[in-house]
Amino acid sequence: MAVDFYISLGILAVFNLLFALAFMLVMIPLCMAKTASYAVMKRNFKSYFSNPTGYVFLAIFVLLTSMAAFWPHEFFNANLANLNQLNGQITLIMLLFIPAITMGLWADEKRLGTDELLLTLPATDFDIVIGKYIAAVSVFTVSLLFSQICNFLVLSALSQGSLDVGMFLTTYVGYWFIGLAMIALGMVASFLTNNLTLAFVLGIVINSPFVLLQYSDMFVTGAQSVSFFSEASMGRQFTDFGSGVISLSSLTYFLVMTLVGIYLSMVLIGRRHWLGGRDGESRLGHYLLRSACLLVIAISGTLIFVMHDVRWDFTANHTSSLLPETRQLLRELETEEPIRIEAFVSANVPESHAQTKLDLLNYLNEFRGLGGSRVLVTIHEGVDSFSETADIAREKYGIEPRQMVSQSRGSFKQEDVILGAAIQRGLDRVVIPFFDNGIPVEYELIRSIGTVTAQKKNRLGVLNTDAKLFGGVEQGMMGGFQQIPRQIILDELEKFYEVIEVDPSETIAPGDYDVLLAVQPSSLTPPQLENLITAIRSGIPTALCDDPMPVGLNQAPPISQNKRSPQQMMGQGAPPQAKGDIRQLWNLLGVQMVGEKLPTNPNFNALIVWQDYNPERRFEGLGNVTPEWVFIDRNLPGARAADQPLPINQEVALTKDLQQMLFLFPGGLVKQSDFPKSLNYTPLISTATQPQMIGTVSLDELTRAFSGPQMQQPRRQFAPLDQGRVEPYVLAALINGTLEEGGGDINVAMVGDIDLLHNDFVQLRAQNIDGVPLEIDNTNFLLNLLDHLAGEPRFIPIRSRSAPLARLSLMDEITKMSRQRSTQLIEDATARAKTVEEELQDELQAPIDELNKKLAQLQERGRTGQDISEQDIQEFQQRNLELNQRRTAVQKRMEVAREKLQAEFKQEQERITRDLNREVLYRQNQVKMLAVALPPIPPILIGIIVFVIRRLKEREGLSKDRIVK
């Protein structure tokens, strides 16, 4: 981390040196050709920094930028190492700071009467104006340099060296260009008056329209002109810089505004020549017309570059620019009507969706810049759920606010979040109600654009199997009915496919569907299975998902079990339908699942694959994680060995960009010994290959171990060794080629798990555990698989894109350490409660053992023929009575103690949670105080030193008796 910090610091230093060198290269010719401009610039620059007042303004500017960047608690809620909070306030800060710099440029000269001296110098009006302007720019640049270094140190410390330096530098380049434009306009205000206060106010007034236009859509909604003026604001034009992108349109906007301001200043300084004219006639109308023409030319030139934009992404992983595949798809768009994208974004979103919001804003700006006149983008940012804009989103597009839980200052709260968009062309429309973390934003946008520009979607046929993806009603085992929800994965598929429910009892015609999805085909009846096999033989691309132990979609029977009875009430009802022999389908493909056919079971006994590897310990809070939760990622032990296959196939486009997969109780795929040579078998997802790390277990064994009164460890079998190594279990594979029998071409994907289609997996990536979102790519894998089979590979690299932004790693570690201490305290409290309960149990067990001992003695005496006296029986009965009384008393004590322990445990847990939140908030406040209090200190110290030096110089040459003490 220290190395990363020094590398980032080196990049920052080199950038600043290059910037200073470029500034000097501009200044040297100016000094040689325009000596008067250099003299004016030098005089104004030195006068600003020779006075302690200048350093006070500098300290205030640094303080304001630090407060805007780090003081809002949204900075910690978002948990991203960037200046987003400052970006939203920088124009308002400069609206106050820039006029303070420009107010004295000419107004002070007129006030002191030195303007006449400047105007009589052998210099043109341009020399004076440009000298004044460069002096103000130099002062602003020094101020910005102080802010840059301070904020860099803070963000680097919080991100522990992982700061995106490219985004940070472009952000400050954007600040600099905002300053260039504001200084030019503020200088116009200074030429209008000789009063400093009035010059300051006029500087604010002239700049404020270009600042406040950003917020115009907060007051007036529904008007296209309002959106246009909002896009013309400085804040919106700065957006690209803040996301790490330098765009030609934004550069043109600020440079044109700068040139207009300088020209107007030249017109105003020269009004002594034209206001009265040579013959006393005013030429005011002439210069007003010239200024108006200049404004028209400036606006037209800016719009030309907006329509033909060029963009450069300087972020570390190019996170703010579109992929080449997306750019290619945009270039290939053929549409006579423009595509309109209207997005609605809340001001604040929870930490789990902070990056999603940034991605949405960045990519929408990219689409606007690259789409030209074909893609028109309107962004409603900062939308409140009760606003008129939210009503438009709700009524026009059906984009509803979603209630989400966020944490602020140690407390949890629910808030309505709007994060949706509508893409339309003519009457065709695709609405994305909410951008979640499961699917990349770039993919959702470009796929939606492709949908509204295409005449028809690919047809996806989903077989109606016992998995019941479309939902429905099922009768329970003990009577009654249970509602099976429709799976959310279908909603995702319907965005881009024409999803059709297929009855497997009917013949499946080859031309009816572009791709089939069969979930748990082992649950099909013999005629249904035959229809599926015929469809595969006919060449319909098919995705097969079969599972030896469905967990989420548990309404589907495992491969080794019979179908459920359609009506089963108290042991009565019709017998279940017979299942087809799934081996017929496997034999067609030349593969099978790991397992065997038992004589006692008509179904194939598919084994469950387990793997002793869990990189996500955070999952421990989500459920009973066992080795049958098979995690697959690139960090599997032995995954990078030269002689071992990669767990995630890197040679196939549909899997090469996946990061992590999770299969619940999956089955393993193997090639049959007589696998046809005309077919190709491509493993996609495989387990590890380390001995004693992988193996199989039967469904019956897991049921026996987990369904008893006490949880037991099932008897798991290790994978067999072959010369010191094991073969990995394949969890997903592609089978394609030409069938030897019949000669037809097939294109099939086979997956040993169906739970990846369950709602929980679709929503899993949106969850946020321990402050870090999960990166499970199950949904992306399934969508990639279907796109691959349907012959739509264009969107696969876009969907698989993963380039997370830099986070506040230091705060993550502090939170993690605090949470670990809290977890340990909770475990200690649990152990204490368990100890008290065991002590009470031991107190009850002692007389029970004594009574059992007496009973055993009596039984032994009876067995050996010894007499049992009446006194012995009475003694035993008395002890039994005492035992029952004691048991009743102890049980009452145990119940009271248990209730007391539970109450104490709950109080302890709440106290620990409060302490955790309090500690995290305390650390955050510490960071805020240091980040805000320390940056203004250097300019203040420099100002004090300048003041002392100035006072000492004033005393030089004075006699001691003239110095006032």
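Reference entry: report on the structure contained in this document. (Residues numbered from 1 in each chain as written. Predicted model: local features only at pLDDT ≥ 70, side-chain atom pairs only at ≥ 80, totals over all residues. Heavy atoms only, no water.)

## Concerning the overall build of the protein
Here's step 1: Helix and strand counts for the protein stand at 30 helices and 28 strands.
Here's step 2: In the protein, which comprises 965 residues, the proportion classed as buried is 50%.
Here's step 3: Accessible area of the protein: about 45900 Å², with a carbon and sulfur share of 57%. (Helix = DSSP H or I, 4+ residues; strand = E, 2+ residues; numbered from the N terminus. Buried < 20%, exposed > 50% of the residue type's maximum accessible area, 1.4 Å probe, protein only. Areas by Shrake-Rupley, 256 points an atom, 1.4 Å probe, with all protein chains shown as cover.)

## Brief notes about the nonpolar core
Side chains of a nonpolar character, in soluble globular proteins, are inclined to be buried together.
Here's step 1: The biggest cluster of nonpolar side chains holds 105 residues, and the ones touching the most others in it are Phe367, Ile685, Leu757 and Phe781.
Here's step 2: In contact with Ile685, other than residues within four places in its own chain, are Ile632, Pro647, Ile648, Thr655, Met661, Phe663, Tyr729, Val730, Leu731, Ala732 and Phe781. (Core = buried A, V, L, I, M, F, W, Y, C linked by side-chain atoms within 4.5 Å. Contact = heavy atoms within 4.5 Å.)

## Considering the sheet that holds strand β3 (residues 339-345)
Here's step 1: The four strands are arranged β4-β3-β7-β8 in an open sheet whose pairing can be described as mixed. Edge positions in the open sheet fall to β4 (375-381) and β8 (428-432), since each of these has one partner strand only. In this sheet, adjacent strand axes meet at a mean angle of 10° when their direction is disregarded.
Here's step 2: Here helix α19 (residues 388-397) sits on the sheet in contact with β3, β4, β7 (419-425) and β8, set at roughly 130° to β3. (Pairing = 2+ DSSP bridges. Axes fitted to C-alpha atoms, helices over the stretch in contact; angles between N-to-C directions.)

## Describing the side chain of Thr65
Here's step 1: As for its placement among the helices and strands, Thr65 is situated in helix α3 (residues 52-70).
Here's step 2: Excluding residues that lie within four positions of it along the chain, Thr65 makes contacts with Leu86, Ile90, Ile93, Ser147 and Asn151.

## Looking at the pairing of strand β18 (residues 608-611)
Here's step 1: Going residue by residue along β18, you find Ile608 and Trp610 tucked away on one face and Val609 and Gln611 tucked away on the opposite face as well.
Here's step 2: Where β18 meets strand β23 (residues 694-697), four bridges bridge the pair, whose relative direction is antiparallel. Bridge pairing in β23 places Val609 opposite Thr696.

## With respect to the sheet that holds strand β24 (residues 717-718)
Here's step 1: Pairing in this open sheet of three strands is antiparallel, and the strands run β18-β23-β24 from one edge to the other. Looking at the sheet topology across the chains shown, the edges are occupied by β18 and β24.
Here's step 2: Of the strand pairs in this sheet, β23 and β24 are connected by two bridges, and their pairing is antiparallel. Among the inter-strand pairings, Thr696 is bridged to a residue of β24, identified as Gln717.

## Concerning a nonpolar patch on the surface
Here's step 1: Nonpolar side chains collect at one region of the surface, where Leu930, Leu934, Ile937, Ile940, Leu941, Ile944, Phe947, Val948 and Leu952 lie side by side and expose about 830 Å² of accessible area between them.
Here's step 2: Here the nonpolar patch gets seven residues from one element, more than from any other, and that element is helix α30 (residues 937-955).
Here's step 3: Along the chain, the position of Leu952 falls in helix α30. (Patch = residues over 30% accessible without salt bridge, like charges linked within 9 Å, V, L, I, M, F, W, Y side chains within 5 Å. Salt bridge = Lys/Arg side-chain N within 4 Å of Asp/Glu carboxyl O.)

## Structural notes on the packing of aromatic side chains
Two measures describe an aromatic ring pair: the distance that separates the ring centres and the angle between the ring planes.
Here's step 1: Counted according to the given criterion, the structure contains 22 aromatic pairs.
Here's step 2: The interplanar angle of 75° and the centroid separation of 4.9 Å between the aromatic rings of Tyr172 and Tyr175 together place this pair among those described as edge-to-face. Of this pair, Tyr172 and Tyr175 both sit in helix α10 (residues 165-192), three residues apart, roughly one helical turn.
Here's step 3: For Tyr172, a relative accessible area of 4% puts it in the buried group. (Phe/Tyr/Trp six-rings, centres within 6.5 Å; stacked < 30°, edge-to-face > 60°.)

## Let's talk about the environment of Phe314
Here's step 1: Mapped onto the elements, Phe314 comes out in the loop between β2 (311-313) and α17 (324-331).
Here's step 2: As for Phe314 and Gly166, which are separated by 148 residues in sequence, their C-alpha atoms are 5.0 Å apart.

## Overview of unusual backbone geometry
Here's step 1: Here the phi dihedral of Gln520 falls at roughly 55°; this positive angle occurs in a residue that is not glycine.
Here's step 2: Summarising the element assignment, Gln520 is placed in the loop between β13 (515-519) and α22 (526-537).

## Notes on the side chain of Lys579
Here's step 1: Residue placement: Lys579 occurs in the loop between β14 (542-545) and α23 (583-589).
Here's step 2: A distance of 3.2 Å separates a polar side-chain atom of Lys579 from the backbone oxygen of Pro558.
Here's step 3: In this structure the side chain of Lys579 is engaged in a polar contact, spanning 2.6 Å, whose partner is the backbone oxygen of Gln561.
Here's step 4: Not counting residues up to four positions away in its chain, the partners in contact with Lys579 are Ser522, Ser523, Leu524, Pro526, Pro558, Ile559, Gln561, Asn562, Lys563 and Asn603. (Polar contact = N/O pair within 3.5 Å; in protein donor to acceptor, adjacent residues only side chain to side chain.)

## Some remarks on helix α24 (residues 699-706)
Here's step 1: Within the span of α24, buried status applies to Leu699, Glu701, Leu702 and Ala705. Along the long axis of α24, the arc covered by the buried residues comes to 160°, so they all point the same way.
Here's step 2: Buried-residue contacts for α24 involve β18 and β23. (Arc of directions from axis to C-beta.)

## Remarks on the packing of helix α6 (residues 90-102) against helix α9 (residues 125-159)
A packed helix pair is summarised by two numbers, namely the angle formed by the two axes and the spacing between the axes.
Here's step 1: As a packed pair, α6 and α9 sit with axes 10 Å apart at the nearest point and diverge in direction by 135°. Taken together, the axes of α6 and α9 are oblique relative to one another. Crossing hand, α6 versus α9: right-handed. Here Met94, Phe97, Ile98 and Ile101 of α6 come into contact with α9, specifically with Ala136, Val139, Phe140, Ser143 and Leu144.
Here's step 2: Classifying every residue of the contact of α6 with α9 by side-chain character gives eight nonpolar, one polar and no charged. (Parallel < 35°, antiparallel > 145°, perpendicular 65-115°, else oblique. Left-handed = near helix turned anticlockwise from the far one by under 90°. Nonpolar A, V, L, I, M, F, W, Y, C, P; charged D, E, K, R; others polar.)

## Notes on the environment of Ala298
Here's step 1: Turning to its location among the elements, Ala298 is positioned in helix α16 (residues 284-307).
Here's step 2: Accessibility expressed as a relative area gives 12% for Ala298, which makes it buried.
Here's step 3: The spacing of Ala298 and Thr252 is 46 residues in sequence and 9.2 Å in space, taken between C-alpha atoms.
Here's step 4: Excluding residues that lie within four positions of it along the chain, Ala298 makes contacts with Val256 and Val260.

As far as function goes, none of this settles anything; it's purely spatial.
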